[in-house]
Amino acid sequence: QVQLVESGGGLAQAGGSLRVSCAASGRISGINAMGWYRQAPGKQRELVARFTGGGNTNYADSGKGRFTISRDNAKNTVYLQMNSLKPEDPAVYYCNFRGPATAWRDFWGQGTQVTVSA
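Chemist: Explain the state of the cysteines to me, please; I cannot follow it from the model alone.
Modeler: Every disulfide links exactly two cysteines, by a covalent bond between their sulfur atoms. In this structure the tally under the stated criterion is 1 disulfide. The disulfide that involves Cys-22 links it to Cys-95, with 2.0 Å between the sulfurs. Linking Cys-22 and Cys-95, the disulfide has an S-S dihedral of approximately -80° and is accordingly described as left-handed. Remark: Cys-95 occurs in strand β9 (residues 91-98) and Cys-22 occurs in strand β3 (residues 18-26); sequence separation between them is 73 residues.

Chemist: So what exactly am I meant to see when it comes to the pairing of strand β5 (residues 46-51) here?
Modeler: The two faces of the sheet receive side chains in turn, since in a regular strand these alternate between them. Direction of pairing for strand β4 (residues 33-39) relative to β5: antiparallel, over a ladder of 5 bridges. In the strand pairing of β5, Arg-38 is matched with Glu-46. Taken together, β4 and the strand that follows it, β5, pair antiparallel across an intervening segment of 6 residues, in which Gly-42 is found at a positive phi of about 80°. Sheet analysis places β5 next to strand β6 (residues 57-59), joined by 3 bridges and oriented antiparallel. Bridge assignment links Phe-51 to a residue of β6, and that residue is Thr-57. Hairpin geometry of β5 and β6 is characterised by an intervening segment of 5 residues between the two adjacent antiparallel strands and by a positive phi of about 90° at Gly-55.

Basis of the calculations
Residue numbers here run from 1 along each chain, matching the order of that chain's written sequence. Given that the model is predicted, a residue must reach a pLDDT of at least 70 before its local features are reported, and side-chain atom pairs must reach 80 or more before they are shown or counted; all residues, however, enter totals for whole chains, interfaces and linings. Hydrogens and waters are ignored; side-chain quantities use all the structure's heavy atoms. Note on terminology: pairs of cysteine sulfur atoms within 2.5 Å are recorded as disulfides. The numbering of helices and of strands both runs from the N terminus, where a helix is a DSSP run of H or I of at least 4 residues and a strand a run of E of at least 2. By definition, two strands form a pair when at least two bridges between them are found by DSSP.

Next up, the structure:
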């Protein structure tokens, strides 16, 4: 199994910045896919940004140019820096993990709330 512990998030003004972090532990080996998804009330969970198992990055169009995903492989931690926050960014942000040691199953963090004030 894999455990994901998220931190960060909270409240920021529109145009401001926030950073969320996710640390993975457990059955981890090799190159893993980690990333961030978000879910706003009444909407489906959607990709924000992720590292693929091949080491590439994917960004949703909504975050391109504003959000940056990074990782510290030694710490099995992934970060999401969110700049120029917009009123449409508030959601619960979830960390996602997939890896070869767990047959590329999806693991999810508990979620962290991001709120943007006008």
